[in-house]
Amino acid sequence: MAPKQPIREVGTARPSHLMFTGGIGAIIDLPNIAALVGGLDDWEPQYRDDDREVIEPRLLEATRRRLRKVAQLRLVPLSEEDDRSPNGVPVRPFPAWMRCTRCNRLTSLESKFFTYVNTKRGRPDLARFEHRNCGGRTDAKAVPARFLLACRRGHLDEFPYDWFVHKGGTCPGAQDARLQMLDRAGNRAVNVLIKCDSCKAERNLREAMGERGKEHLPVCRGRHPHLGDYSACGEELRPIIVGASNLWFPQTVSVLSVPPDHDDALAGLVAEHRESLEAVATLSAEQLEPIMRSLPQLKPFAAYEAAELRAALDAHVPGGTAGAESDLYAPEWKAFTAERPDDGRHFTAVRDPGGVPARLKPYFTDVVRAERLREVRAFHGFTRLDAPDPEQPELVPTAPLSRGEPTWVPASEVFGEGIFLRVDAEALKEWERRHESSEAAERLRRAWGRFREKRHSGRLEGGFDPMAGWPGMGYVVLHTLSHLLIRTIALECGYNAASLAERIYSNGDDRAGILVYTAVPDAEGTLGGLVSLAEPARLTRIVRRALMDAEHCSGDPVCADHLPAEPADSLHGAACHSCLFVSETTCERGNRFLDRRYVVGLGDGLSFLPPWT
Ligand SMILES: [Zn+2]
Ligand SMILES: [Zn+2]
Ligand SMILES: [Zn+2]
Ligand SMILES: [Zn+2]
Ligand SMILES: [Zn+2]
């Protein structure tokens, strides 16, 4: 019998995992069951008195640009038995269609044909469904039938086996047709036969695949299984297999918790209270002065002078920050580059009194140790079939997280420490100007256009701009440098490279810097020691080794000669697993926009940095 309650526990899955590899709407592959993570409506009852709120105003504001009503960011609920365990995220078996591994009987859990077995609480990996007395003899394990249907608007549905084998009709032989699934797949294409024992109809799932398969499938009925609801849709459906990488793409935003800059904080307040400020919006500073402390709607501005408020009102553009994603980095940039960095509850940044070590002066204009950092990440939606397009978010429809408009979203927090390195932005801009029409730069630019076009299949509509989000060549320099440092730190200091993260501050103008930091999920405190690498002698040694190592790669000469080329859409030049790539969780751009030739001389005179001598 199918469980009445959703299976509540998902074993040792951690909050970060739940958000990024298996959040709302994703299918978690347990050994014997496939489980779908439910929407916010299912999460709600899992929270107790402590609602697990994370306070991070900048992130909240960024989330609100997408989901207007969100008023709260919450960590995943804690399990009832154990306060330290992040369990308790609601999941349900999906797909519900399963196949007996012994007799191949194919049926939905709704039929109650299979029996749910879960002997050990807290061990969902042992939970399974069985065909009791299969063939009158033995209990046999059932496994999920792995085919599903998805549409580009994020709907997901069971594969309609019954409908399909009966060619869009119902079984002439029986009301409850007895189906079988015979999986004959070798390594090659799909070869799965669906048979109806009741009327002897049979059909291969191959017929549902590819261009021609579309004619043999129903249109989308707008199912969101994580919400348990249906809505009008009518889009084309495509078969998709549990475990396919395009079944679920999370959409998240992250910020570092930096202390708000005085002016930024005021601008944020003005944006937040814009409606109640309308009544005073035309008053001069002199007129505001006498009412600053008395008018109720000016209460939030008690810490500011009338003239400051007037200036902020003048500077405020309604909806002005909407969509300006890169500006999320602006306060962080300000915090790291401030002459005397402010301490915050989750932020401490310190400069060595000696300044930049002498040997590093040709490379960096500033070195800052971030002794305490917190990164908070919010999850605000997901897409299916097509990856979300951060450059043009309207192109790929986002699936909803709850049945109504969400008032909160799940978030995770990570504590750590880091090293911030600033690069001469003027020099970088000048270098970029000189080299932007070089062959290498041209080829990367064209590859970016191809890459975006390829990802944007005919399923998408609207004014697609292939060059949207082009990060600029300066980004490639900073990004490559960041990877070199991450790899060297891992080698020299025994860090697991996957526990490091990067943020590239680059706007093609006055912002040029990198932050390498530890990102240890679910752990208060740090691994200790990353900031000690910013100590002059150690940092000098690390940079030296990083740059020396970058001159050669075991993949040379192939690696050194590599440039993006048609028809491939690889977005790197001289870069490979042996010299530059890092783990997916570490890199902010999926190992794209990397090229050693811009950081060390590879004989073509394109390097931004001078050689180490
Ligand atoms: Zn069986
Ligand atoms: Zn039949
Ligand atoms: Zn649909
Ligand atoms: Zn290489
Ligand atoms: Zn990277």
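Data block above holds the structure.
Here's a quick rundown of the structure. (Residues numbered from 1 in each chain as written. Chains lettered and ligands numbered in written order. Predicted model: local features only at pLDDT ≥ 70, side-chain atom pairs only at ≥ 80, totals over all residues. Heavy atoms only, no water.)

## Remarks on the coordination of the zinc ion (ligand 2)
Moving on, step 1. At this site the zinc ion (ligand 2) is bound by H166 (NE2), C171 (SG), C196 (SG) and C199 (SG), with donor distances of 2.0 to 2.3 Å.
Moving on, step 2. For the zinc ion (ligand 2), the single-chain donor residues occur in sequence as H-x4-C-x24-C-x2-C. Here C171 is found in the loop between α4 (161-165) and β13 (179-183), whereas its partner C199 is found in the loop between β14 (192-196) and β15 (202-204), with 28 residues between them in sequence.
Moving on, step 3. Residue C171 is classed as buried on the basis of its relative accessible area, which comes to 13%. (Donors = N, O, S within 2.8 Å, 3.2 Å for Na, K, Ca; no water. Helix = DSSP H or I, 4+ residues; strand = E, 2+ residues; numbered from the N terminus. Buried < 20%, exposed > 50% of the residue type's maximum accessible area, 1.4 Å probe, protein only.)

## Structural notes on the coordination of the zinc ion (ligand 1)
Moving on, step 1. For the zinc ion (ligand 1), the full set of protein donor atoms is C100 (SG), C103 (SG), H131 (ND1) and C134 (SG), at a range of 2.0 to 2.4 Å.
Moving on, step 2. Around the zinc ion (ligand 1) sit four donor atoms; with metal-centred angles ranging over 102 to 118°, the donor geometry is tetrahedral.
Moving on, step 3. Expressed as a motif, the donor residue spacing for the zinc ion (ligand 1) is C-x2-C-x27-H-x2-C. Of this pair, C103 sits in the loop between β6 (97-100) and β7 (105-108) while H131 sits in strand β9 (residues 128-134), and the two are 28 residues apart along the sequence.
Moving on, step 4. Since its relative accessible area comes to 26%, C103 is described here as partly exposed.
Moving on, step 5. Accessibility expressed as a relative area gives 10% for H131, which makes it buried. (Tetrahedral: all angles 85-135°; square planar, octahedral: opposite > 155°, others 65-115°.)

## Digging into the nonpolar core
Moving on, step 1. F364, L421, L481, I489, V543, L547 and Y598 are the most contacted members of the largest nonpolar core, which totals 62 residues.
Moving on, step 2. Of all the secondary structure elements, the ones that give two or more residues to this core are β22 (408-422), α11 (425-435), α12 (439-455), α13 (473-493), β23 (500-506), β24 (512-518) and α14 (536-550).
Moving on, step 3. No other element matches α13, which puts 10 residues into this core.
Moving on, step 4. In terms of nonpolar packing, the next biggest core, distinct from the first, is built from 33 residues, V37, L60, V91 and V255 among them. (Core = buried A, V, L, I, M, F, W, Y, C linked by side-chain atoms within 4.5 Å.)

## Thoughts on the packing of α11 against α13
Moving on, step 1. Contact pair α11 / α13: the axes reach a minimum separation of 9 Å and the direction vectors enclose 120°. Looking at the two axes, α11 sits oblique to α13. Once α11 is placed against α13, the crossing between them reads as right-handed. Where α11 approaches α13, its residues L428, W431 and E432 are matched on the opposing element by M473, G474, V477 and L478.
Moving on, step 2. Across the contact of α11 with α13, the residue classes tally to five nonpolar, one polar and one charged. (Axes fitted to C-alpha atoms, helices over the stretch in contact; angles between N-to-C directions. Parallel < 35°, antiparallel > 145°, perpendicular 65-115°, else oblique. Left-handed = near helix turned anticlockwise from the far one by under 90°. Contact = heavy atoms within 4.5 Å. Nonpolar A, V, L, I, M, F, W, Y, C, P; charged D, E, K, R; others polar.)

## What about the sheet that holds strand β10 (residues 138-144)?
Working definition: the strands of a sheet are paired by backbone hydrogen bonds and lie parallel or antiparallel to each other.
Moving on, step 1. With respect to topology, eight strands assemble into an open sheet ordered β8-β9-β10-β6-β7-β13-β14-β15, the strand pairing being antiparallel. Only two strands of the sheet have a single partner each, and these edge strands are β8 (115-117) and β15. For this sheet the average axis-to-axis angle between neighbouring strands, irrespective of direction, equals 35°.
Moving on, step 2. In the sheet, β6 pairs with β7 via three bridges, with the strands oriented antiparallel. Residue pairing in the sheet places R99 in a bridge with L106 of β7. (Pairing = 2+ DSSP bridges.)

Keep in mind these values describe shape, not function.
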